[in-house]
Amino acid sequence: MAIYSLGPVVNLNPDLTFHSRSVELRISNTTAARLEPIVVNVYSNVAAGPEGSPAVLYFTTTFAIAAADGVVTFNIPTTVQSFIITVSSPAAATFINDISIYAAGRDAAGLLVPDHAFPFGDWNFVTTP
């Protein structure tokens, strides 16, 4: 299975406020083929916890992008001290070549958090057996 991951993102400011209150996640189909299923998981990762602390799933969704150059956008709450976002497709064989992902953190006022803007090149690609 092909998985794109936005590793652990620290979201806690020194004054213990959240850097981003939400993340706008935009996933684009870069081909004419239908992409299905696409699975998005968001985990709370306890950055201050002991080494190996488990990540806890707090948002998940599964969907398809049927249209060529189709785009799906989610607004995901990120009021956790650290988060991990993964985008995968267990069935779409060409998934790794047919998708583009962008994430942008937003503060309490809805403004872009520059430190939490992640273009496609910032996403790690992982494969599992």
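This write-up is about the structure you can find in this document.

Conventions adopted
- Residues numbered from 1 in each chain as written.
- Predicted model: local features only at pLDDT ≥ 70, side-chain atom pairs only at ≥ 80, totals over all residues.
- Heavy atoms only, no water.
- Pairing = 2+ DSSP bridges.
- Helix = DSSP H or I, 4+ residues; strand = E, 2+ residues; numbered from the N terminus.
- Axes fitted to C-alpha atoms, helices over the stretch in contact; angles between N-to-C directions.
- Core = buried A, V, L, I, M, F, W, Y, C linked by side-chain atoms within 4.5 Å.
- Buried < 20%, exposed > 50% of the residue type's maximum accessible area, 1.4 Å probe, protein only.
- Contact = heavy atoms within 4.5 Å.
- Phe/Tyr/Trp six-rings, centres within 6.5 Å; stacked < 30°, edge-to-face > 60°.
- Salt bridge = Lys/Arg side-chain N within 4 Å of Asp/Glu carboxyl O.

As for the sheet that holds strand S3 (residues 35-45)
Pairing between the strands of a sheet comes from backbone hydrogen bonds, and it takes one of two forms, parallel or antiparallel.
Here's step 1: Strand order in the open sheet formed by five strands is S4-S3-S6-S1-S9, and the pairing between neighbours is antiparallel. The sheet is open, and its two borders are formed by strand S4 (55-65) and strand S9 (124-127), each paired with just one other strand. Taking each pair of neighbouring strands and ignoring which way they run, the sheet shows an average axis angle of 20 degrees.
Here's step 2: Sheet topology note: the S3/strand S6 (residues 82-89) ladder contains six bridges and is antiparallel. Opposite Ser44, over in S6, you have Phe83 as the bridge partner.

Examining the nonpolar core
What tends to happen in soluble globular proteins is that the nonpolar side chains get buried as a cluster.
Here's step 1: In terms of nonpolar packing, the biggest core is built from 24 residues, with Leu25, Ile27, Val40, Ile85 and Trp123 touching the most fellow members.
Here's step 2: Counting residues per element, the ones that place at least two in this core are strand S1 (2-10), strand S2 (22-29), S3, S4, strand S5 (71-77), S6 and strand S7 (99-106).
Here's step 3: A total of four residues in this core trace back to one element, the largest contributor, which is S3.
Here's step 4: Among residues more than four places away in sequence, those in contact with Leu25 are Val40, Val72, Thr73, Phe74, Ile76, Ile85, Ile101, Tyr102, Ala103 and Trp123.

Describing the packing of aromatic side chains
Here's step 1: If you walk through the whole model with that rule in mind, you get four aromatic pairs.
Here's step 2: Ring centres 5.3 Å apart and planes at 55 degrees place the aromatic pair Tyr4 and Phe125 in the tilted group. Taken together, the residues Tyr4 in strand S1 and Phe125 in strand S9 connect sequence positions 121 residues apart.
Here's step 3: Of the residues examined, Tyr4 reaches a relative accessible area of 6% and is grouped as buried.
Here's step 4: A residue is classified by how much of its surface remains accessible, and Phe125, at 39% relative accessible area, is partly exposed.
Here's step 5: Following the ring pairs from residue to residue traces out a cluster consisting of Tyr4, Phe120 and Phe125.

Re the environment of Gly7
Here's step 1: Topologically, Gly7 is positioned in strand S1.
Here's step 2: In sequence terms Gly7 and Thr86 are 79 residues apart; their C-alpha atoms lie 8.3 Å from each other.
Here's step 3: In this view, Gly7 contacts Phe83, Ile84 and Asn124; residues no more than four positions away in its chain are not counted.

Considerations on the pattern of salt bridges
Here's step 1: What the rule picks out here adds up to two salt bridges.
Here's step 2: The salt bridge involving Glu24 is made with Arg106; its shortest N-O contact spans 3.9 Å. Here the residue Glu24 occupies a position in strand S2, and Arg106 occupies one in strand S7, the gap between them amounting to 82 residues.
Here's step 3: Looking at Glu24, the relative accessible area reads 26%, which means it is partly exposed.
Here's step 4: Two residues, Arg34 and Glu36, come together in a salt bridge whose shortest N-O distance is 2.9 Å.
Here's step 5: Accessibility expressed as a relative area gives 43% for Glu36, which makes it partly exposed.

Regarding the sheet that holds strand S8 (residues 112-118)
Here's step 1: Spatially, the four strands line up as an open sheet ordered S5-S2-S7-S8, and their pairing is antiparallel. Lying at the two open borders of the sheet, with one neighbouring strand each, are S5 and S8. Between one strand axis and the next, the sheet turns through 20 degrees on average, direction left out of account.
Here's step 2: In terms of strand pairing, S2 meets S7 through eight bridges, oriented antiparallel. The residue bridging Ile27 from the neighbouring strand is Ile101, located in S7.

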